[in-house]
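# Chains, contacts and geometry: an overview
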Amino acid sequence: MGNSALKSHLETSQKTGVFQLTGKGLQEFPEELQRLTSNLRTVDLSGNKIEVLPAAIGNFLQLKSLTLNCNKLTSVPSEIGKLKKLETLSLNGNRIQQLPPGLGQLKALRTLSLAGNQISEFPPGLATLRQLDLLDLSRNQIQNVPEHVSELQAIEINLNQNQISVLSAEVSRCPRLKVLRLEENCLELSSIPLSILSDSQVSLFSVEGNLFEVKKLRDLEGYDKYMERFTATKKKFT
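Residues numbered from 1 in each chain as written. Predicted model: local features only at pLDDT ≥ 70, side-chain atom pairs only at ≥ 80, totals over all residues. Heavy atoms only, no water.

Per an unreviewed UniProt entry, the protein chain goes by Leucine-rich repeat-containing protein 57 and derives from Seriola dumerili.

## What about the pattern of salt bridges?
Selection rule: In the sections that follow, a salt bridge refers to a side-chain nitrogen of Lys or Arg positioned within 4 Å of a carboxyl oxygen of Asp or Glu. For the purposes of this entry, the term helix denotes a DSSP run of H or I that reaches at least four residues, the term strand denotes a run of E that reaches at least two, and both are numbered from the N terminus.
Going through the model one piece at a time under the given rule, you end up with five salt bridges. Two residues, Asp133 and Arg110, come together in a salt bridge whose shortest N-O distance is 3.5 Å. With Asp133 in the loop between strand 5 (111–113) and strand 6 (134–136) and Arg110 in the loop between strand 4 (88–90) and strand 5, this pair connects stretches of sequence that are 23 residues apart. For Arg181, the salt bridge is made with Glu156, and the minimal N-O distance between the two is 2.8 Å. One end of the pair, Arg181, is in strand 10 (residues 179–181); the other, Glu156, is in strand 8 (residues 156–158), with 25 residues separating them in the sequence.

## Quick notes on the side chain of Asn210
Rules: Under the rule applied, a polar contact is a pair of N or O atoms within 3.5 Å (in protein, one hydrogen donor and one hydrogen acceptor; residues adjacent in sequence only if both atoms are side-chain atoms). A contact between two residues is defined here by any heavy atoms of the two lying within 4.5 Å.
Within the secondary structure, Asn210 sits in the loop between strand 11 (204–206) and helix 3 (223–236). Of note is the side chain of Asn210, whose polar atom sits 2.9 Å from the backbone oxygen of Val207. Excluding residues within four positions of it along the chain, Asn210 makes contact with Leu182, Glu183, Glu184, Asn185, Cys186 and Leu187.

## Considering the packing of aromatic side chains
As a reminder, the rule being used: Classification of ring pairs rests on two measures: the distance between centres of Phe, Tyr or Trp rings, Trp counted by its six-membered ring, which must be within 6.5 Å, and the angle between planes, read as stacked under 30 degrees, edge-to-face over 60 and tilted in between.
Per the counting criterion, the structure on display carries three aromatic pairs. Seen from their ring centres, Tyr226 and Phe230 are 6.1 Å apart, and the 40° between their planes marks the pair as tilted. Residue Tyr226 and its partner Phe230 are both found in helix 3; the two are separated by four residues, about one turn of the helix. Linked through ring pairs, Tyr223, Tyr226 and Phe230 together constitute an aromatic cluster.

This is the structure we're talking about:
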């Protein structure tokens, strides 16, 4: 991409606080953006070939939204934790295997989207994200939803298309969890904790495409309680 085109993008971004450059074959995070650290609020570099997110990303202190979907990232620098105003972090369709501990410092984060990566363990250290509404970990390689999930503040957790065969009953203790998506995993009916149905806040529990027929859920204890929540939520939105 020509320097003049990048220059005009930078000039516009200086005025708008938005830098969007998608599908341009960029190999690296544009160094020129460093000049705009004080006023950039939105950066979208989706559909490029960026392999490394530089540590300097920690300098963009005004950033509210960072989107790098469909690149070639294999990791995220811990400096990302400096972005105290970041509300949306979207890294779908990369090659990320794990997340840095610094991610837990993103106190304003509302959406964390990591669909279509190579994450094999449910990420620890997200309990500190008090504002988190959506955690999307669909299309990864996660096999186990561990006990520490109970500390998550998310309203929706999407774990569709993983390899999950173990689901901790602690998930029913998530204080704000309303939507739990587990479609196309490796769950048996016997690995569904009854407490999700009877004792949780979950009003949409989506488990199609596992190792049992969905209608068998109706036979489980607590299903009636779950259906009460499901119906009440549905009414609210109709």
